[in-house]
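Structural overview for review
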Amino acid sequence: MFCHRFTIQCLISILVLLCYIEECYGKDKKLFKADQKLPLPDITPLTGTLHGHIEKFKQLRDDLKALQNSKADQNPMTFFRETMRIMQGLQALGKDWKDIEQIQNSSARDFQQVLEEMDPMCGQIKPRAAVYEIKLRCMYTNLGGNPYYIVGPLKQEQVNRIPFVVDMYHDFLTQAEVKHANETRQVEPSVRRRLQTVVPNLFNVAVREAGENGYNGSHVKHRGYSMVLYLESYFNAGVTIFPEGIFTVSPRSGSLVVTKAHPSICPSSHPLNVITNFDIAAKKQKISKEKM
């Protein structure tokens with residue numbers, strides 16, 4: 001009887017520990033659900049393995065309760081065999097736990113990589129006060145009588161004015177020009193000439209891809225004006241953000257953003273094709289190129 005009592009006490013202690021672990025991971029799963037809008041690394045392997053682990057634990061817990069409730073009517077040998085089966089199940093859960101930790105550590109490293117490559121303001125976007133919005137205007141402009149735009153003026157939107165100026169020119173490219181740039185990955189000379197009329201001292205213009213980890217321009221010292229010409233349209237993906245995070249610009253195919261405040265592109269579930277005058281390669285890509 002003393003042996004049986006000691007065995008039951010050990011099993012109850014182990015179950016209490018596993019209940020605590022289950023509760024902690026339950027909280028983690030809620031946090032994952034709350035952050036689904038962010039472009040986090042794939043945690044499907046972790047959640048799937050964890051779900052199976054918890055289901056096994058619940059079954060062993062129920063078996064132990066049933067065994068404890070019926071111990072007075074159990075044959076000693078049957079009771080001993082059932083006790084050993086439950087203990088072997090708990091040992092197997094311990095091995096599964098190591099697999100879960102390995103998957104979790106891999107996901108944590110991937111998420112840390114994303115955090116290092118993103119602008120901190122992407123997670124702290126602040127709503128802009130109406131007093132700033134009311135002063136902004138949309139207009140047609142020929143850029144002071146520029147021959148390119150006298151007949152067909154540009155559609156200019158004042159995105160921001162204080163503390164730095166950001167202008168957006170809608171439909172700067174036709175859909176045919178957008179399609180050609182996406183297919184050839186080249187900037188046509190005619191497009192380059194038109195860009196030079198809007199962006200002073202333009203150089204280093206090329207079609208580039210902002211990956212799923214985005215582009216962190218918060219510490220980049222870019223001389224002169226920065227420009228982003230979108231080749232795709234998204235509502236929530238590939239959002240462009242500016243210093244202080246007080247406003248954002250969603251990608252709109254064919255539209256051009258020009259500013260002296262260097263932008264960042266927030267992480268998303270979709271890569272984004274753009275024409276820029278600055279490099280937007282991720283750190284991971286740069287390192288791989290250096291090794292080559």
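Note that the coordinates shown come from a computational prediction; the quantities given were computed from them, not determined experimentally.

Thoughts on the overall build of the protein chain
- Along its length, the protein chain carries seven helices and ten strands.
- Here the protein chain holds 292 residues, and the buried ones make up 36% of them.
- Looking at the protein chain alone, contacts between residues at least 24 apart form 71% of all its contacts between residues at least 6 apart.

Thoughts on the confidence of the model for the protein chain
- Taken over all residues, the pLDDT of the protein chain has a mean of 75, while the share at 70 or more is 64%.
- Per-element confidence in the protein chain is highest for strand E5 (residues 226-230), whose mean pLDDT is 95, and lowest for helix H7 (residues 283-291), whose mean pLDDT is 42.
- Counting interchain partners and residues more than four positions distant, the pLDDT-below-50 stretch residues 27-39 has nine contacts.
- Across residues 284-292, confidence stays below pLDDT 50; counting only partners more than four residues off in sequence or on other chains, it has four contacts.

Concerning the sheet that holds strand E10 (residues 272-276)
- Taking strand neighbours across the sheet as the criterion, the seven strands line up as E1-E2-E3-E8-E5-E10-E4 in an open arrangement whose pairing is antiparallel. A strand with exactly one partner marks an edge of an open sheet, and here the two such strands are strand E1 (138-141) and strand E4 (206-210). Here the strands of the sheet are splayed against their neighbours by 30° on average, with no regard to which way each runs.
- Relative to strand E8 (residues 256-259), helix H6 (residues 189-198) is tilted by about 40°, and along the sheet it contacts strand E2 (154-160), strand E3 (166-170), E5 and E8.

Remarks on the environment of isoleucine 275
- Note on placement: isoleucine 275 falls in strand E10.
- Residues in contact with isoleucine 275, not counting those within four places in the same chain, are Val187, Val205, Ala206, Val207, Met227, Val228, Leu229 and Leu231.

Some remarks on the nonpolar core
- The biggest cluster of nonpolar side chains holds 21 residues, and the ones touching the most others in it are Phe172, Leu195, Val198, Met227, Leu229, Leu256 and Ile275.
- Counting only elements with at least two residues in this core, the list comes to helix H5 (175-184), H6, E5 and E8.
- When residues of this core are assigned to their parent elements, the largest contribution, three residues, is made by H6.
- Once residues within four sequence positions are removed from consideration, phenylalanine 172 is found in contact with Tyr149, Leu154, Glu177, Arg194, Leu195, Val198, Leu229, Gly254 and Leu256.

A closer look at empty space enclosed by the protein
- Applying the stated criterion to the full structure yields two cavities of 30 Å³ or more.
- One number sums up the size of the second largest cavity: a volume of about 50 Å³.
- Along the walls of the second largest cavity sit Leu173, Glu177, His180, Ala181, Gln186, Val187, Glu188, Val191 and Ile275, which together make up its complete lining.
- The element that contributes the greatest number of residues to the lining of the second largest cavity is H5, accounting for three residues.
- Among the residues forming the lining of the second largest cavity, the class breakdown is five nonpolar, two polar and two charged.

Remarks on the side chain of threonine 240
- Note on placement: threonine 240 falls in strand E6 (residues 240-241).
- With near-sequence residues (within four places) excluded, threonine 240 lies in contact with Tyr230, Phe247, Thr248, Val249, Pro263, Ser264 and Ile265.

What about the packing of aromatic side chains?
- Tallied over the entire structure, the rule returns five aromatic pairs.
- Taking the centre distance of 6.5 Å and the plane angle of 40° together, the rings of phenylalanine 164 and phenylalanine 242 count as tilted. Here phenylalanine 164, found in the loop between E2 and E3, pairs with phenylalanine 242, found in the loop between E6 and strand E7 (248-249); they are 78 residues apart in sequence, far enough to count as distant. For the pair phenylalanine 164 and phenylalanine 242, one class covers both residues: buried.
- Centre to centre, the rings of phenylalanine 164 and phenylalanine 247 are 6.1 Å apart; their planes meet at 40°, and the pair counts as tilted. With phenylalanine 164 in the loop between E2 and E3 and phenylalanine 247 in the loop between E6 and E7, the pair connects residues that are 83 residues apart, well separated along the chain.
- Owing to a relative accessible area of 5%, phenylalanine 247 belongs among the buried residues under this scheme.

Conventions we followed
- Residue numbers run consecutively from 1 along every chain, following the written order of its sequence.
- Local features are withheld for residues below a pLDDT of 70 in this predicted model, meaning they are given only at 70 or higher, and side-chain atom pairs are given and counted only at 80 or more; totals for whole chains, interfaces and linings count all residues.
- Water and hydrogen atoms were dropped before computing side-chain values, which therefore reflect all heavy atoms in the structure.
- In this text, helices come from DSSP runs of H or I with a minimum length of four residues, and strands from runs of E with a minimum of two, each type numbered from the N-terminal end.
- Accessible area is worked out with a 1.4 Å probe on protein chains only. A residue is then buried under 20% of its type maximum, exposed over 50%, and partly exposed in between.
- Two residues form a contact once any of their heavy atoms are found within 4.5 Å.
- Per-residue confidence from the predictor is reported as pLDDT, which spans 0 to 100.
- When DSSP finds two or more bridges between a pair of strands, those strands are recorded as paired.
- Orientation is described by lines fitted to C-alpha atoms, with helices fitted over the stretch in contact, and by angles between N-to-C directions that extend from 0 to 180 degrees.
- Each nonpolar core is a collection of buried residues, namely Ala, Val, Leu, Ile, Met, Phe, Trp, Tyr and Cys, held together in the definition by side-chain atoms within 4.5 Å.
- Site definitions follow a grid-based scheme: protein atoms alone, a 1 Å grid, a 1.4 Å probe that fits but cannot get out for cavities, and for pockets an open set with protein on both sides within 12 Å along at least five of seven lines, plus lining residues having an atom within 4 Å of a point.
- Grid points are joined across faces, edges and corners, and a volume is the space filled by probe spheres set on the points.
- In this classification, the charged set is Asp, Glu, Lys and Arg, the nonpolar set is Ala, Val, Leu, Ile, Met, Phe, Trp, Tyr, Cys and Pro, and all remaining amino acids, among them Gly, are polar.
- Within 6.5 Å between ring centres, the rings of Phe, Tyr and Trp (the latter by its six-membered ring) count as paired, and their orientation is classed by plane angle as stacked under 30 degrees, edge-to-face over 60, tilted in between.

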